[in-house]
Amino acid sequence: MKPLPPTLRRKKRYMLATMDPPGIEPDPRELYHVISESVTSLYGDGKAAAIGLSVISAQANQVIFRYTRGYDKEVRTALATVTDMADQRIALRAKVTSGTLHALRRKLPRKTDTEPGLSEVEYHGRTYCARRYHGQKVDLLEKGIKRQELLYITQDDLEES
Amino acid sequence: MTTTDACLHPYPDGNSSLRRMALEAGALGFDSIVVPDAPPQEYFGVRVIPAILIAELNPRVISGLIRANGQKQPLVMVNAGENGFNREILNLKGIHILRQVHKTRKNSFDHVSARLAAERGVAVDIDLSPIIHSSGLSRQRVMQRYNDLVTLFNRYRFSLTLSSNACSILDLRSVEEICLLCGLFSLEEDDVREGLGTAGSLLDQKGPVTVVT
């Protein structure tokens, strides 16, 4: 089959978004469903079809989306209303947009290193697994089997407790 | 002009410490945050504005609470109620922000309340959490209420504040995201940016000059 000439192809845009909290390995299919549900809920089926959103890649905490050119605002707004995926609280923050995947990959921000190994800490009388990153940020996951509490604090909070 | 998120709920109400909230808010473009029952502080260049949050239905009790808190002078936020209650509240001295208008019945904040709010310098808060967290009919209802509020705002130009009501750093939204979300109910970007600056300036407002002899 002969491919469509470039002038007839629908123009696409690519967007890089980061996913908080870091450390989640997102399933691209699950992520696609969450975001397309958000787009449809906000703009309806007609506009969702015109936006044509798809997930290109989802690795570590970086996600790349593809959508029809001219719908930046709608996609960013829809991303701002995504709050959870597979019973896990998340936040998607749009970072960079580009006309080609190649240009987007050049603009990728450097991956931030998470300190290797998780340490065990005591905070307000409870035991948590601590993940430190970005200098001050510390994420605490309560040790246990059921209903583990997740806390977001800073190094100063940990030193003060 | 400051850029302020008009209500956050850090640990123990939420799952993020006040410092972490301030750190993340700073990264998202805010230079101040309003936190109920917090001491006035500054973390990572982000000013913490203390506030008291009043959820009473009796204007007399509210008046008493404001008087009792008079010397500390934090930002006073009162939850909106029925039409008569709102009018009475807006006439009280010492109230800075009327919040949760979306939870009240339609027309409980009407043109009279809007004019009063503009005259008395009381800001009306737009809570973005139902826009972010809910969906379907409940979100549509909130958007309708905010659309009505924006119509009144465009006519009477009372002050607006914008809050994420975040209990976690994951609930925080950047200034750009807030502009986009407010676009859903036709609030212009300039008005959003002005609204983000309101909470920071409410405490600095000078009252009428009194001559002491």
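Just so you know, these numbers come straight off a predicted model, no measurement behind them.

## Points about the overall build of chain A
From N to C terminus, chain A includes 4 helices and 10 strands. Secondary structure elements of chain A, listed N to C terminal, follow the sequence β-α-β-β-α-β-β-β-α-β-β-β-β-α. Here chain A has a C-alpha radius of gyration of 19 Å; the compact-globule value for 161 residues is 15 Å, and the former is much larger. The 161 residues of chain A split such that 42% are buried. Of the roughly 9,500 Å² that chain A leaves accessible, carbon and sulfur atoms contribute 48%.

## Brief notes about the side chain of B:His96
Residue and element names in this part refer to chain B. As for its position among the elements, His-96 is in the loop between helix 3 (83–90) and strand 6 (97–99). Since its relative accessible area comes to 17%, His-96 is described here as buried. Polar contacts involving the side chain of His-96 include one to the main-chain amide nitrogen of Val-76, which spans 2.9 Å. The residues contacting His-96, other than those within four sequence positions of it, are Pro-74, Leu-75, Val-76, Gly-121, Val-122, Ala-123, Leu-202 and Leu-203.

## Some thoughts on the interface of chain A and chain B
At the interface, 33 residues of chain A touch 27 residues of chain B. Roughly 2,400 Å² of surface becomes buried between chain A and chain B when both sides are summed, with 55% attributable to carbon and sulfur atoms. At the surface where chain A touches chain B, the tally comes to 6 salt bridges. Taken together, the links from chain A to chain B amount to 14 residue pairs in polar contact (both at pLDDT 80 or more). Those elements giving two or more residues to the side of chain A that touches chain B turn out to be helix 1 (28–51), helix 2 (72–80), strand 6 (91–98), strand 9 (137–142), strand 10 (150–154) and helix 4 (155–160) of chain A. A per-element tally of the side of chain A that touches chain B places strand 10 of chain A first, with 5 residues. Here the side of chain A that touches chain B is composed, by residue class, of 15 nonpolar, 7 polar and 11 charged.

## Description of the environment of A:Tyr67
All names here are of chain A. Position of Tyr-67 among the secondary structure elements: in strand 3 (residues 62–68). Given a relative accessible area of 0%, Tyr-67 falls into the buried group. In the structure, Tyr-67 is positioned 40 residues away from Lys-107 in sequence and 18 Å away in space, judged by C-alpha atoms. Those residues in contact with Tyr-67, other than ones at most four positions away along the chain, are Lys-11, Lys-12, Arg-13, Tyr-14, Met-15, Ile-51, Gly-52, Leu-53, Asp-72, Val-75 and Thr-97. Among the polar contacts made by the side chain of Tyr-67, one reaches the side chain of Asp-72 at a distance of 3.0 Å.

## Structural notes on the pairing of strand 10 of chain A
Residue and element names in this part refer to chain A. Of all 5 residues that make up strand 10, 4 are buried, and the element is covered over most of its length. Bridge count between strand 9 and strand 10: 5 bridges; the pairing is antiparallel. Looking at the pairing, Lys-137 lines up with Thr-154 of strand 10.

## Concerning helix 1 of chain A
Residues and elements named next belong to chain A. Here helix 1 spans only 18 Å end to end across 24 residues, well under the 34 Å set by a 1.5 Å rise per residue. Its maximal kink placed at Gly-44, helix 1 deviates by approximately 125°. Of the residues making up helix 1, those classed as buried are Leu-31, Val-34, Ile-35, Ser-36, Ser-38, Val-39, Leu-42, Ala-48 and Ile-51. One or two steps after helix 1, the chain reaches Gly-52, where phi turns positive at roughly 55°.

## Some details on the pattern of salt bridges
Residue and element names in this part refer to chain B. Applying the stated rule across the entire model yields 16 salt bridges over all chains. The salt bridge involving Arg-20 is made with Glu-24; its shortest N-O contact spans 3.0 Å. Within this pair, Arg-20 and its partner Glu-24 are both found in helix 1 (residues 18–27), separated by 4 residues, close to a single helical turn. By relative accessible area, which is 0% here, Arg-20 ends up buried.

## Quick notes on the side chain of B:Arg145
Residue and element names in this part refer to chain B. Within the secondary structure, Arg-145 is located in helix 6 (residues 136–156). Of note is the side chain of Arg-145, whose polar atom sits 2.5 Å from the backbone oxygen of Thr-104. When neighbours within four sequence positions are excluded, Arg-145 is seen to be in contact with Val-101, His-102, Thr-104, Arg-105, Lys-106, Asn-107 and Ser-108.

## Describing unusual backbone geometry
The omega torsion of the bond from A:Asp20 to A:Pro21 falls at -5°, within 30 degrees of zero and hence cis. The step from B:Tyr11 to B:Pro12 runs through a cis peptide bond, and the omega angle for that step is 10°. Position of B:Pro12 among the secondary structure elements: in the loop between strand 1 (4–5) and helix 1. Residue A:His124 is not a glycine yet carries a positive backbone phi of 50°. By secondary structure assignment, the location of A:His124 is in the loop between strand 7 (119–123) and strand 8 (126–133). Even without being glycine, B:Arg157 reaches a positive phi, approximately 55°.

## Things to note about the environment of B:Gln140
Residues and elements named next belong to chain B. Summarising the element assignment, Gln-140 is placed in helix 6. By relative accessible area, Gln-140 is classed as partly exposed at 46%. Remark: the alpha-carbon pair of Gln-140 and Phe-185, spanning 45 residues in sequence, is separated by 10.0 Å.

## Focus: the sheet that holds strand 3 of chain A
Residues and elements named next belong to chain A. Spatially, 4 strands are ordered 2-3-1-6 in an open sheet, and the strand pairing comes out antiparallel. At either end of the open sheet lies a strand with only one pairing partner, and these are strand 2 (54–59) and strand 6. Adjacent strand axes in the sheet meet at a mean angle of 25°, parallel and antiparallel pairs treated alike. Across the sheet, helix 1 lies against strand 1 (12–20), strand 2, strand 3 and strand 6, angled at about 155° from strand 2, the strand it touches most.

## Describing the state of the cysteines
Enumeration over the complete set of coordinates arrives at 0 disulfides over all chains. B:Cys182 takes part in no disulfide bond, and the closest cysteine sulfur, belonging to B:Cys179, lies 7.0 Å away.

Calculation criteria
Residues numbered from 1 in each chain as written. Chains lettered and ligands numbered in written order. Predicted model: local features only at pLDDT ≥ 70, side-chain atom pairs only at ≥ 80, totals over all residues. Heavy atoms only, no water. Helix = DSSP H or I, 4+ residues; strand = E, 2+ residues; numbered from the N terminus. Rg over C-alpha atoms; globule rule 2.2 N^0.38 Å. Buried < 20%, exposed > 50% of the residue type's maximum accessible area, 1.4 Å probe, protein only. Areas by Shrake-Rupley, 256 points an atom, 1.4 Å probe, with all protein chains shown as cover. Polar contact = N/O pair within 3.5 Å; in protein donor to acceptor, adjacent residues only side chain to side chain. Contact = heavy atoms within 4.5 Å. Buried area = accessible area lost by both parts, 1.4 Å probe. Salt bridge = Lys/Arg side-chain N within 4 Å of Asp/Glu carboxyl O. Nonpolar A, V, L, I, M, F, W, Y, C, P; charged D, E, K, R; others polar. Pairing = 2+ DSSP bridges. Expected span 1.5 Å × (residues − 1). Bend = angle between axes of the 7 residues up to and from the residue. Axes fitted to C-alpha atoms, helices over the stretch in contact; angles between N-to-C directions. Disulfide = S-S within 2.5 Å.

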